[in-house]
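# Observations on the three-dimensional arrangement
Letter by letter, the chains look like this.
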Amino acid sequence: MEAKDIFTMPMDYIMIPAQIIFSLVAAYFFILGIAGLFRIKSPKIAEPKSVFAIIVPAHNEEMVIGPIVDNIIALDYPKELFDVFVIADNSNDQTASRAAEHGAIVYERFDTTQRGKGYALEWFFNKLYHLPKKYDAVIIFDADNLVEPNFLKHMNNSLCGGDKIIQGYIDAKNPLDTWVTASFAMAFWVANRMLQLARYNLGLSNYLGGTGMAISLDVLREIGWGATSLTEDLEFSLKALLRGYKTTLAYEAVVYDEKPLTFKQAWHQRKRWALGHIELFRTYSLEFIKQLFMKKDIVYFDAAVVTLQPLLVVFMGIFSVFGLVDSLLVDIYTPIFKHIWPPLLWELVITLQLLTPFLVIWMDNLPRKVFKWILIHYLFFVYSWIPIVFICFFGKTRISWSHTLHTRSIRIADIARNRS
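What you see as residue numbers is a count from 1 along each chain, following the sequence as written. Per-residue local features are limited, in this predicted model, to residues with pLDDT of at least 70; the limit for side-chain atom pairs, both in listing and counting, is 80 or more; totals at the level of whole chains, interfaces and linings are taken over all residues. Hydrogens are left out, water is left out, and the side-chain values use all remaining heavy atoms of the structure.

Here we come to the pairing of strand β6 (residues 165-172). The rule is simple: take the accessible area with a 1.4 Å probe, protein chains only, and divide by the maximum for that residue type; under 20% is buried, over 50% is exposed, in between is partly exposed. Numbering of helices and strands runs from the N terminus, with a helix taken as a DSSP run of H or I at least four residues long and a strand as a DSSP run of E at least two residues long. Taking burial as the measure, the 8 residues of β6 include 8 buried ones, the bulk of the element. Pairing between strands requires that DSSP locate at least two bridges from one strand to the other. The pairing of β6 with strand β7 (residues 213-216) spans 3 bridges and is antiparallel. Note that in β7 the partner of Ile 166 across the bridge is Ala 214. Where β6 lies against strand β8 (residues 247-257), 8 bridges are found, and the strand directions are parallel. Considered in β8, the bridge of Ala 172 is made with Asp 257.

Have a look at this one:
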């Protein structure tokens, strides 16, 4: 046996199967992305008749709670068909009083052991069920959000069309502030079209994104909320899918979410999401694999891929290191590339990742001022997910919820002005 084989043959046994798996996953997401290039279907327009309970969980949000309440109350929908509820959750500032001043119905909650959005929603839903006024669906926004005027009309269209769990289009409130907010915004824009719209077009299940989401109250009563992980939105989508309820998409129902200004803030927020996703991987992945083999339905294959993503990212990190070492050894001992993923294919993948934001921004008429951040910053932001997930994967997932501080107030008119 030659000296080079001592180093390269063990790598072959590791790298070739791994590259086959990653090639299949990449091919699946490529096909999924193609399905997002088109707008195949939209719900029929319906007369406003759905009655909404609009819920805004808020912890120490005195800076931003006024604009979101004003924004919701001014939505283009019959006023008698919706109410605005603010959950002042463990707040020790003026969140409750300011929300009430702006016209919201305020519920204050104090529980220092069960902290976080998931617990606050569970607590409030139990109260909502017993209110004298009956609602058809709940809609959940974050306190830092702003909403397009026609949001409720689009959600009403989906509900009247038979949808039970609906996710709106999550846009960025402040995409032009820093390279981090621009990268965050681009990641959401790409996901909205190439993942969410693609799944909707193909009849797969969409997944809730934490805000701008509607849930039929009869479904909520039937299966219960029970979502208290750090990614309670995805948890509820997976739980509902196992009970036979797919999440759908209202692409025209736009909600604006505030993105972190600094990479450190974005790192901590994404670390929290990664921990929640890893917990759901441990809880649900085997169940969806089981459902896939039992029902032989691509919906469950897609759900299995979603739950397995943390594991795939960890393997990607490990095998990227192995691949680098292997490539160095191959370069030293032989000029022949023996593996499935030669450098040319990696270049193709990275090129597609760079071109996709340009394509999405053009198709959805999004702010073109972020172009200057795409070539370097966006790719760095995307690949920084790998160390985040890798670090979180081997730790505990049940950590204390942490609050994202908001330092300024933006109104819906400001968004339109900044994008003009």
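From this point, the discussion proceeds with the structure in view.
Right, let's talk about the confidence of the model for the protein for a bit. Confidence of the prediction at every residue is given by pLDDT, a number between 0 and 100. Residues of the protein with pLDDT of at least 70 account for 81%, and the chain-wide mean is 85. Note that pLDDT drops below 50 for residues 332-340; the model gives that stretch 19 contacts with residues more than four away or on any other chain. Whether two residues are in contact is decided by their heavy atoms, any of which lying within 4.5 Å being enough.

What follows is about the packing of helix α9 (residues 263-295) against helix α13 (residues 385-393). Each axis is a line fitted through C-alpha atoms, taken for helices only over the stretch in contact, and angles between the N-to-C directions span 0 to 180 degrees. α13 packs onto α9 with a crossing angle of 55 degrees between their chain directions and a minimal axis gap of 9 Å. In terms of orientation, α9 lies oblique with respect to α13. When the axes of α9 and α13 are compared, the crossing they make is right-handed. Of the residues in α13, those touching α9 at Trp 267, Arg 270, Lys 271, Trp 273, Ala 274, Leu 275, Ile 278, Phe 281 and Arg 282 are Trp 385, Pro 387, Ile 388, Val 389, Ile 391, Cys 392 and Phe 393. Residues are sorted three ways: Asp, Glu, Lys and Arg are charged, Ala, Val, Leu, Ile, Met, Phe, Trp, Tyr, Cys and Pro are nonpolar, and all the rest, Gly among them, are polar. Across the contact of α9 with α13, the residue classes break down as 13 nonpolar, no polar and 3 charged. In what follows, roughly perpendicular refers to angles from 65 to 115 degrees, roughly parallel to angles under 35, roughly antiparallel to angles over 145, and oblique to any angle outside these ranges. Left-handed describes a crossing whose near helix is turned anticlockwise from the far helix through less than a right angle; right-handed describes the clockwise counterpart.

The subject of this paragraph is the packing of aromatic side chains. Between rings of Phe, Tyr and Trp, where Trp is taken as its six-membered ring, a pair exists when centres lie within 6.5 Å; planes separated by under 30 degrees are stacked, by over 60 edge-to-face, and by other angles tilted. Counting across every chain of the model gives 27 aromatic pairs. Relative to Tyr 107, the ring of Phe 85 lies with its centre 6.3 Å away and its plane at 50 degrees, an arrangement referred to as tilted. With Phe 85 in strand β2 (residues 82-89) and Tyr 107 in strand β3 (residues 105-109), this pair connects stretches of sequence that are 22 residues apart. Since its relative accessible area comes to 2%, Phe 85 is described here as buried. Grouping aromatic residues by their ring pairs yields a cluster made of Phe 85, Tyr 107, Trp 123, Phe 124 and Tyr 135. Lys 259 extends its terminal NZ or CZ atom over the ring of Phe 188, reaching a point 3.4 Å from the ring centre. In this arrangement the basic side chain of Arg 270 is found over the ring face of Trp 385, its NZ or CZ atom lying 5.1 Å from the centre. Note on criteria: charge over ring means Lys NZ or Arg CZ within 6 Å of the ring centre, with the direction from the centre no more than 35 degrees off the ring normal.

Among the secondary structure elements, Arg 109 is positioned in strand β3. Judged by its relative accessible area of 3%, Arg 109 is buried. Those residues in contact with Arg 109 that lie beyond four places of it in its chain are Ala 88, Asp 89, Asn 90, Gln 114, Tyr 119, Ala 120 and Trp 123.

As a further point, take the sheet that holds β3. One open sheet accounts for 8 strands, arranged β3-β2-β1-β4-β7-β6-β8-β5; its pairing is mixed. At either end of the open sheet lies a strand with only one pairing partner, and these are β3 and β5 (146-147). Running over the sheet, helix α2 (residues 65-73) touches β1 (52-58), β2 and β5 and is turned about 165 degrees from β2. Strand contacts of helix α6 (residues 179-202): β6 and β8, with the helix running at about 150 degrees to β6, the strand carrying the most contacts.

Of all 10 residues making up helix α5 (residues 151-160), 8 are buried, and the element is well covered by its neighbours. Considered for burial, the residues of α5 that qualify are Phe 151, Leu 152, His 154, Met 155, Asn 156, Asn 157, Ser 158 and Leu 159. Gly 162 lies just past α5 and shows a positive phi near 105 degrees.

What follows concerns α6. One less than the number of residues in a helix, times 1.5 Å, gives the span that helix is expected to have. Compared with an ideal rise of 1.5 Å per residue, which puts 24 residues at 34 Å, α6 spans 33 Å between its outermost C-alpha atoms and is within 8% of the ideal. Bending is quantified residue by residue as the angle between axes fitted to the seven-residue window ending at that residue and the seven-residue window starting at it. Of all the bends found along α6, the most pronounced is centred on Asn 192 and spans about 35 degrees. With 19 of 24 residues buried, α6 lies mostly within the body of the structure. Distance and chemistry together define a polar contact, namely a pair of N or O atoms within 3.5 Å, with one atom able to donate a hydrogen and the other to accept it when in protein, and with adjacent residues in sequence counting only for side-chain atoms on both sides. Measuring from the backbone nitrogen of Val 180 back to the side-chain oxygen at the start of α6 gives 3.2 Å, which picks out Thr 178 as the cap. Gly 203, located one to two residues past α6, shows a positive phi value of around 75 degrees.

With that settled, the discussion passes to a nonpolar patch on the surface. There is a patch of nonpolar side chains on the surface, built from Phe 30, Ile 31, Ile 34, Phe 38, Ile 40 and Leu 352 and spanning about 600 Å² of accessible area. At 3 residues, the largest contribution of residues to the nonpolar patch is made by helix α1 (residues 3-35). The patch calculation keeps residues exceeding 30% relative accessible area without a salt bridge and links them within 9 Å when they carry like charges or within 5 Å when they are nonpolar (Val, Leu, Ile, Met, Phe, Trp, Tyr). The method behind every accessible area is Shrake-Rupley, applied with a 1.4 Å probe, and residues are considered shielded solely by the protein chains displayed. What counts as a salt bridge is simple: a side-chain nitrogen of Lys or Arg found within 4 Å of a carboxyl oxygen of Asp or Glu.

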